[in-house]
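Below are the chains, spelled out letter by letter.
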Amino acid sequence: MALDDELLNRVTWKIPNALALVGSAHDGERNGMTTSWITQLSMEPVLIGIGVDNDAVTHRLISGSGAFTVNLWDAENTRVFVKFSKPANDDGTTLNDRPVSTAVTGAPIFDEALAWIDCAVRHTLDLGTHTLFVGEIVDASINDDDATPASMNDTRMKYGGVKRH
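Residues numbered from 1 in each chain as written. Predicted model: local features only at pLDDT ≥ 70, side-chain atom pairs only at ≥ 80, totals over all residues. Heavy atoms only, no water.

A. Quick look at unusual backbone geometry. Glu44 connects to Pro45 through a cis peptide bond whose omega is -5 degrees. Residue position: Pro45 is located in the loop between strand 3 (38-43) and strand 4 (46-53). Positive phi outside glycine occurs at Asn96, with the angle close to 50 degrees. Positionally, Asn96 belongs in the loop between strand 6 (94-95) and strand 7 (98-101). (Helix = DSSP H or I, 4+ residues; strand = E, 2+ residues; numbered from the N terminus.)

Following this line, the structure appears as structure tokens:
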């Protein structure tokens, strides 16, 4: 018995997911992308996994540079995620008017993030429509230890289930 697409969407949208901005850069091009497919995968070494659509600009940039950042945002300020659902505008100091800097890998870090993680890619796994990039944390910081990180439940956004055509 085949599962109904609507049911698959509804059930996968119930999986609790963090919501963050992924920073990427390669050959002078930078991007920020909203993502909800983030998880810790190992404790030694500390590895973070992100799922990225194979057609996304971010996929190309991470593939080229071997690095990405995960920028956690305050649950009280989720409007930022809407602007990063398409490729970002880069004016040299900001992405979509949000100030960015860099750390170890050179991938963009959002200065307003409540916490950020700088990762060097250690493994990739093609999983169909998306690639799992597994990054080892090479640098990190917390800017606001009291804020609650955003999750999909803090927005009306939905991502997952079956591919929409």
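The discussion continues.
B. The arrangement of the environment of Ser151 in detail. Looking at the element boundaries, Ser151 is found in the segment after strand 10 (130-142). Distance in space between the C-alpha atoms of Ser151 and Ile62 is 23 Å, their sequence separation being 89 residues. If sequence neighbours within four positions are ignored, Ser151 has contacts with Asn17, Ala18 and Leu19. (Contact = heavy atoms within 4.5 Å.)

C. Examining the pattern of salt bridges more closely. For the coordinates displayed, the defined rule picks out 4 salt bridges. Notably, a salt bridge pairs Asp90 with Arg30, separated by 2.7 Å at the nearest N-O pair. Note that Asp90 is positioned in the loop between helix 3 (80-83) and strand 6 and Arg30 in strand 2 (residues 29-35), a separation of 60 residues in sequence. Glu136 serves as the salt-bridge partner of Arg122, at 2.8 Å between the closest nitrogen and oxygen. (Salt bridge = Lys/Arg side-chain N within 4 Å of Asp/Glu carboxyl O.)

D. Region of interest: the sheet that holds strand 7. Pairing within the open sheet is antiparallel, and its 3 strands lie in the order 6-7-8. The open sheet has two free edges, formed respectively by strand 6 and strand 8 (109-110), since each of these has just one partner strand. The sheet contact formed by strand 7 and strand 8 spans 2 bridges and is antiparallel. Paired with Ser101 across the bridge in strand 8 is Ile109. (Pairing = 2+ DSSP bridges.)

E. A look at the packing of aromatic side chains. Tallied over the full model, the rule gives 2 aromatic pairs. With a centroid separation of 6.0 Å and 75 degrees between ring planes, the pair formed by Trp73 and Phe110 is classed as edge-to-face. Residue Trp73 is located in the loop between strand 5 (67-72) and helix 3, and its partner Phe110 is located in strand 8; the two are separated by 37 residues in the primary sequence. Both residues of the pair, Trp73 and Phe110, belong to the buried class. Judged by centre distance (5.3 Å) and plane angle (85 degrees), the rings of Phe84 and Phe110 are edge-to-face. On the criterion of sequence distance, the pair formed by Phe84 in the loop between helix 3 and strand 6 and Phe110 in strand 8 is long-range, its members being 26 residues apart. With respect to class, Phe84 is no different from Phe110; both count as buried. Every member of this aromatic cluster is reached through a ring pair, and the members are Trp73, Phe84 and Phe110. (Phe/Tyr/Trp six-rings, centres within 6.5 Å; stacked < 30°, edge-to-face > 60°. Buried < 20%, exposed > 50% of the residue type's maximum accessible area, 1.4 Å probe, protein only.)

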